[in-house]
Structure formats: structure tokens, C-alpha cells
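Coordinate inspection notes
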Amino acid sequence: MTESVAVIDYGMGNLHSVASALGKVCDHEIHVTSDPAVVAAADRVIFPGVGAIGDCMGEIRRLGFDALLREQVASGKPVLGICVGMQALLTHSQESGGTDCIDLFPGEVKFFGHDHKSPEGEPLKVPHMGWNQVDQVDHPLWADIPQNSRFYFVHSFYVEDTGSEVTGRCEYGVRFAAALGRNNLFAVQFHPEKSHTAGLQLLHNFVRWNGQR
Amino acid sequence: MGLAKRIIPCLDVDNGRVVKGVQFVDIRDAGDPVEIAKRYNEAGADEITFLDITASHEGRDTTVHTVERIASEVFIPLTVGGGIRTVDDIRKMLNAGADKVGINSAAVHNPDFVKAASDRFGAQCIVVAIDAKQVSAEGESRRWEIFTHGGRKPTGIDAVEWAQKMCANGAGEILLTSMDRDGTKNGFDLELTRAISDAVPIPVIASGGVGNLQHLADGVTEGRADAVLAASIFHFGEYTVGEAKEFMAERGIEVRR
């Protein structure tokens, strides 16, 4: 039977790119869906997200996708969060006046700040937009991606680099978590679907991953 | 280690065809934006900007279709500008696969449009395109104003103040074109670029006037741009994106290779 990947659609942004990038790296059935039954039936789940976390969490809660996502993670199937989809997995975010999130990873999502600077005191633009290097921590999803490869980021809030679950680190004035992983759950701050060869390789690895470290 | 400065080729597209002739020696169809976008993607472009100059209403559907085709084959960020006037225009382009939209004259006519767009879709996908022209006389301290209609129509709006206002309204990035330099191949207006870049906390893309690789490097080092956009030097095969990156890297500029 053909394997399937569900890309959860909760109305926040365009999922076309994620779906076409998946189509490029596998023959799995790809469902961009807001139907919990389709998500539950899929072999793998992708949880994307763009825009403000307050709006995202509002929709996630309204549709009951926080509970759905917890169930999917508990079931042991591979789950990948992308960008705001990663931030939504943390405990809490400073964005949108302070937002409680899904709390699958402990930690706070913080703002880079209006007066963000490098350690040398050079002003840094926010959002952090463009191609930055990721210091990978050994994990099957980094297979065949050279260490310190660049991925495409666009975000103004970041996940702190704390805890043993950080699987990739990036620097932009501060050191932050570019990736998090625990068992069958993986999450990335960058956009693999927009990160050319390195990003497609990560998606290639995800759709073949058995969910184990 | 750090964030790379971006190199962005720009395609002018009219009714689904690239105009101002791209001249790749071995390309099958030099007018097909999808072919050209794929080529730039392979050459290491960091993003692609697609400027839609289609006048007709029917032609806009062709544009949506072209964006869909590019987005399903090119896995780097894609910005679509030109003719974006309503929230619905933005939704169409994002649904077609664009990552960002460029808003130009619609922002001048209605600055609140940028705010509405940013609130609805997020600042990360709202690029405000600014066409600026010097208005100060020789010898005066330099000052630039916003022009519309391809640089023909003055608005009386100060460029630096406008950039700050657009930023406050929720722009995620600024695409800054010097109308004095556009098409001249004399290099960016570096003073303008620096004035805008220093005035706003969001990334600035420098555009207008690139004639050689030194101009690209100057845009970053002297103009303090976060990204540099060029059309003809790449289209006509004078330089490749790879050569541009090598040149910049040799001058200590961080690039993605």
C-alpha cells in the first residue's frame, strides 16, 4: 500500500510549496487536509504554520488540532513541525501579547527585539530573513546533509537554545534552536520546502524515517 | 558563520513571457519564466523575484498559472510584484505558491492597505517596493522622494520617512529601487540605499543600476543592503550568480554557496 503524508491545513498560509516539495522527494500520497480522520489515517504528519502565533493558536484550538496533534505524536508516527508549526509546539510564546501554545516541548518562544544586535554591536535586521547555517546534532533527519548547510529562515521570534532536545542550532545575535527532536517528533524553524537541496534532502529523510533516533 | 547576503535575479514577465530578453546560450525557451527560474535556482540564486508587468485583466490569470508552475519546480523563495492592489490579489498569489508579494503603488494610494495585508497574511510575506528619485539640487544634502508610474509621477513623499512608515505598517522587507539609476548600469545609489537601510529595522533589498559585480558588493558593504537584486547582468549572461557569489565572498561578504 502506498504510504501517506498529511499536511495539516488550519487556514494559515499557503501549503502548496510544502506539498510540491514532498511530491518532488517521494511517491507517497500527499493530503493537504483539515480533516482529523485523514490526519489520523496518515502514516506521517506535517504541521506547518506562518503568520502570527496568536492567530495560529486560535485556529488550532478552534479546530481541536492541539489534541489531534498530541494524539498523533503519542501514536508514534513521524511528525514534523515547520516554522510557526515548530513554535506552536512550545509551552508559551511572547508573540501576540503572550500566547499559550501546545506544550509538547518545554520552553519559551522569544522576540529577537526591536534593537537586535550582533555580539559585536552591529545592528541586525528583524525578521531574520534568508539563508543561515545550522549546526546539526546527530539525528537521522540530517542524513546526507553536510554539517553547517544553510537553510532558509524567516521569523522574528525564536526558540531558546536550552535543553537536550535541541537537534540543530543557529546564530543570529543569539544562539537559538533551529531544530528540536524527541522520539518521533521533529521540528524546524526554517522552511525545508524553500531550502533547495538541503531542505529537499531533509524532507526526503522525513518521508522515509521510522520515527526513531 | 552567519546570515548570508542574498542575490536575487529579477524577471520581468508580461502575459506569461519573460521580457527584456534573457539570453542563456543553451536554454530551450528563453521566454519561459519557469525555465529561467529553474536555471537561476540551479545557478544558486537565493530567491527569485518575478515582476508582473501584464496590463490586461485576463493576463493576470496567466500570471497566477505561471507562479503555480514555478512554485512546483523551484524550491527557493519566490516574490511576486506588480499589480498587487487588493487583499484578494495577495491571497491569489500566495495560494499559487508565491512566498512574498511586492506592493508598490497600491501602498502609496492607500498606506493602510499594507497594514491590512500584513495583519491578514503576516509581515513575513509583505514586501513594500519603493521607487525613489533624488529631488535635492546639486550641492544640497541629498533627499529622495517616492515616484509612481515607473518614475514619472512625483508624490512629494520623502523616501526615508516613507520607508519608516511602511515598516510601522507591517512591511517585512523593503525592495528599494533608485529610479535615477535603474537601467543605467552605473551601480546602486549607495547613499540612498544606506539612508533607507539605516532608517529601518527590517531587511532592505537594493535594486536599480547594477552593471558589474563590484556594484553588487558595494550595495552590501557601502549601501548596507541585506540583499541585492539585478536583472540584466544575469539575463544577458555577462555574469553568473555563482561568479557574483565568488566575487562577494572574496571581499569578505557572507554568501550561500
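Model, not experiment: these values are computed from the prediction.

**Focus: the pattern of salt bridges**
All names here are of chain B. A full pass over the atoms with the stated rule returns 32 salt bridges over all chains. Where Asp119 meets Lys115, a salt bridge forms, and the shortest distance between an N and an O atom there is 3.6 Å. Placement of both Asp119 and Lys115 in helix H5 (residues 111-121) is noted, with a separation of four residues, approximately one turn of the helix. Residue Lys115 is classed as partly exposed on the basis of its relative accessible area, which comes to 39%.

**A look at unusual backbone geometry**
For residues that are not glycine, phi is negative in most cases, and the peptide bond is trans in most cases. Residues and elements named next belong to chain A. Following Val126, the chain continues into Pro127 via a peptide bond in cis, with omega recorded as 10°. You can see Pro127 is positioned in the loop between strand S7 (108-111) and strand S8 (128-133). Although it is not a glycine, Cys83 sits at a positive phi angle of roughly 55°. Mapping Cys83 onto the fold places it in the loop between strand S4 (79-82) and helix H5 (84-87). The backbone of Asp103 shows a phi angle near 65°, a positive value even though the residue is not glycine. Examined against the element boundaries, Asp103 turns out to sit in the loop between strand S6 (99-100) and S7. In this structure Asp103 comes out as partly exposed when scored by relative accessible area, which is 43%.

**With respect to the packing of aromatic side chains**
Taken as a whole, this structure holds 15 aromatic pairs over all chains when the rule is applied. Note on Phe153 of chain A and Phe176 of chain A: the rings are 5.9 Å apart at their centroids and 85° apart in plane angle, and the pair reads as edge-to-face. Here the residue Phe153 of chain A occupies a position in strand S10 (residues 150-155), and Phe176 of chain A occupies one in strand S13 (residues 174-182), the gap between them amounting to 23 residues. Given the relative accessible area of 0%, Phe176 of chain A is considered buried. Site record: aromatic cluster; members linked through ring pairs are Phe112, Trp142, Phe151, Phe153, Tyr158, Tyr172, Phe176, Phe186 and Phe190 of chain A. Across the ring face of Phe147 of chain B, the terminal group of Lys133 of chain B is positioned such that the distance to the ring centre comes to 4.9 Å.

Conventions used here
Residues numbered from 1 in each chain as written. Chains lettered and ligands numbered in written order. Predicted model: local features only at pLDDT ≥ 70, side-chain atom pairs only at ≥ 80, totals over all residues. Heavy atoms only, no water. Salt bridge = Lys/Arg side-chain N within 4 Å of Asp/Glu carboxyl O. Helix = DSSP H or I, 4+ residues; strand = E, 2+ residues; numbered from the N terminus. Buried < 20%, exposed > 50% of the residue type's maximum accessible area, 1.4 Å probe, protein only. Phe/Tyr/Trp six-rings, centres within 6.5 Å; stacked < 30°, edge-to-face > 60°. Lys NZ or Arg CZ within 6 Å of the ring centre and 35° of its normal.

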